[in-house]
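Structural description and commentary
Chain by chain, the residues:
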Amino acid sequence: MAQGHTVLSNGTRPQWILEGDIKTCFDKISHPWLLSHIPMDKTILNTWLKAGYMDKSLLYPTEDGTPQGGIISPVLAKMALDGLERILRKKYPNSGARALKGKNQQVNLVRSCDDFMITGSSKEVLEQEVKPLVTAFLWERGLELSEEKTSITHIEEGFDFLGQNVRKYNGPFLTRPSKKNVKAFLTDSRKVMRDNKSATAYWWIATLNPKIRGWANFHRHASAKKTYVHVDTAIFKALWRWARRRHPKKGKQWVQDRYFGSIGNQNWRFFGTAKDKDGKTIRNWLCLASATPITRYTKIKGECNPYDPKWELYLETRLGVKMEQTLRGKRRLMSLWKEQGGICPVCTKPITHVTGWHNHHIVYKALGGSDSAENRILIHPNCHKQVHATGLTVSKPRPVKAGTQAQPRALFHA
């Protein structure tokens, strides 16, 4: 979506978009083409392609295509479609002498796996020149465009791409969660409530929170704040109806006190209670999509190679920025992460937003440990399980001199 914003946001950018949809991409991709062009061991590739798939204890052969959901399938699909941008750029250069002579038709490709869009200066260019070129490119690989789902749209009309609506609103260019995507998410959330009417509020929150966080994080780079509020309101109304139906003889105030509370200056926050292993009451709160901060995504440089040592500094700097954005507003966690140099002291591997982290108490609270920063350290979730399962003791990393980078090692012992 960041690339789409780059090629469409400027006022002088292309105004027409070809929305491409490949008909049964994973099912029809040509095995001979893959074996001839994919740069890997042909015996292993052929074994993968012919392995088949299991469904309800039955083995089905794969004579064409790659099993959708297979580990290698997305990579093969991406590699099969590589080269389309090179062909388009060769015919429609956006720089150089040919572009200056009026041949720049503002043709750009934006692709994510088998979903793609192509921009153009006019509808005629996309319909009469670009589309036939794409059709020929796909035919060589055993693929074809879906005529029903492939369309050419003006940017001011807007279109849906990767779950988001892309459109210009009298000048400003915005990407927002699409109506179909929002409807599908709310339908799924309401289905959970409808199918589990007798479940406790605590169970509902434990089930809905991962869904809400995952959906909100997917759209956090778009202009989604108003949509987040709309989703929060819709879920609140559904929960209020459930609570009233669950206690038909109770008044509104009783229902409010039973299921809705306040956190800081936020009222009407849905919560559920349960008992922990010690018999103490614990409270779990429903998260809000609107609590997810909107962050602008910074594209990675196209020529960056994670296996080339010269890009190490660039990638480390980029990783550090991501971590700071993830931990924004949580000063204590940020301090701990920086104190450790971003390294887990158990396995000595980086702690990132992908790996996740757990906030570990060096001296267990049950043994008198406090919540202060001196008694806490960040470690990976799996490492945390190992520490507790094997009784390991984790120590703070040693302080380092100013100007040097902390390099924590295995700072634990049995």
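Look above for the structure.
Summary of the structure given here. Predicted model, so just to flag it, every value in this text is computed and none were measured.

The rules behind each value
Residues numbered from 1 in each chain as written. Predicted model: local features only at pLDDT ≥ 70, side-chain atom pairs only at ≥ 80, totals over all residues. Heavy atoms only, no water. Axes fitted to C-alpha atoms, helices over the stretch in contact; angles between N-to-C directions. Helix = DSSP H or I, 4+ residues; strand = E, 2+ residues; numbered from the N terminus. Left-handed = near helix turned anticlockwise from the far one by under 90°. Contact = heavy atoms within 4.5 Å. Nonpolar A, V, L, I, M, F, W, Y, C, P; charged D, E, K, R; others polar. Pairing = 2+ DSSP bridges. Buried < 20%, exposed > 50% of the residue type's maximum accessible area, 1.4 Å probe, protein only. Polar contact = N/O pair within 3.5 Å; in protein donor to acceptor, adjacent residues only side chain to side chain. Salt bridge = Lys/Arg side-chain N within 4 Å of Asp/Glu carboxyl O. Core = buried A, V, L, I, M, F, W, Y, C linked by side-chain atoms within 4.5 Å.

Considerations on the packing of helix α11 (residues 225-246) against helix α12 (residues 252-259)
- Running from amino to carboxyl end, α11 crosses α12 at an angle of 115°, the nearest separation of the two axes being 10 Å. In this structure, α11 crosses over α12, and the sense of that crossing is right-handed. Contact with α11, carried on its side by Trp-240, Trp-242, Ala-243, Arg-244 and Arg-246, involves Lys-252, Val-255, Gln-256 and Tyr-259 of α12 and no other residues of that element.
- A per-class count over the contact of α11 with α12 returns five nonpolar, one polar and three charged.

A word on the sheet that holds strand β8 (residues 164-168)
- Judged by pairing direction, the sheet is antiparallel, and its three strands sit side by side in the order β7-β8-β9 without closing on themselves. At either end of the open sheet lies a strand with only one pairing partner, and these are β7 (159-161) and β9 (173-177). Ignoring strand direction, the axes of neighbouring strands in this sheet form an average angle of 30°.
- Pairing of β8 with β9, which is carried by five bridges, proceeds in the antiparallel orientation. If you follow Asn-165 over to β9, its bridge partner there is Arg-176.

Section: the pairing of strand β5 (residues 115-120)
- For β5, the buried fraction is high: five of the six residues fall into the buried class.
- As defined by bridge partners, strand β1 (residues 16-21) adjoins β5 across six bridges and the pair is classed as antiparallel. If you follow Trp-16 over to β5, its bridge partner there is Gly-120.
- Note: strand β4 (residues 108-112) against β5, five bridges, orientation antiparallel. By the bridge assignment, Asn-108 is partnered in β5 with Thr-119.
- Linking β4 back to β5 in an antiparallel pair, the connection comprises two residues, with Cys-113 at a positive phi of about 55°.

Re the side chain of Asn-165
- Tracing the backbone through its elements, the reader meets Asn-165 in strand β8.
- Side-chain polar atoms of Asn-165 contact the side chain of Asp-160, separated by 2.9 Å.
- Excluding anything up to four places from it in sequence, Asn-165 contacts Gly-158, Phe-159, Asp-160, Leu-174, Thr-175, Arg-176, Pro-177 and Ser-178.

Concerning the environment of Lys-168
- Secondary-structure assignment places Lys-168 in strand β8.
- Sequence separation between Lys-168 and Gly-158 is ten residues; the distance between their C-alpha atoms is 7.0 Å.

Regarding the pattern of salt bridges
- Tallied over the entire structure, the rule returns six salt bridges.
- Asp-82 is the salt-bridge partner of Arg-111, the closest N and O atoms lying 2.5 Å from each other. Highlighted residues: Arg-111 in strand β4 and Asp-82 in the loop between α5 (73-81) and α6 (84-91), separated in sequence by 29 residues.
- Given the relative accessible area of 26%, Arg-111 is considered partly exposed.
- One salt bridge connects Lys-191 with Asp-195, and the closest N-O pair in it is separated by 2.7 Å. In this pair, Lys-191 and Asp-195 are both assigned in helix α9 (residues 179-195), four residues apart and thus about one turn of the helix distant.
- What makes Asp-195 partly exposed here is its relative accessible area of 48%.

Considering the packing of α6 against helix α8 (residues 123-139)
- One can describe the packing of α6 onto α8 by two numbers: an axis separation of 11 Å at closest approach and a directional angle of 145°. Here α6 and α8 pass one another in a crossing that is right-handed. Along its contact with α6, which presents Leu-84, Ile-87, Leu-88 and Lys-91, the element α8 presents Val-130, Leu-133, Val-134 and Phe-137.

Brief notes about the sheet that holds β5
- Taken in spatial order, the four strands make up an open sheet running β4-β5-β1-β6, and their pairing is antiparallel. On the outer flanks of this sheet lie β4 and β6 (151-154), each paired with one strand and no other. For this sheet the average axis-to-axis angle between neighbouring strands, irrespective of direction, equals 20°.

Details of the nonpolar core
- By size, the foremost hydrophobic cluster in this structure holds 30 residues, and its most contacted members are Ile-212, Trp-215, Ile-235, Tyr-259, Phe-270 and Leu-286.
- Contributions of two or more residues to this core are made by α9, α10 (201-218), α11 and α12.
- Looking at this core element by element, the count peaks at nine residues for α11.
- Among residues more than four places away in sequence, those in contact with Phe-270 are Ala-201, Ile-205, Leu-239, Trp-242, Tyr-259, Phe-260, Asn-284, Trp-285 and Leu-286.
- With 28 residues, the next largest nonpolar core counts Ile-38, Val-107, Val-125 and Leu-145 among its residues.

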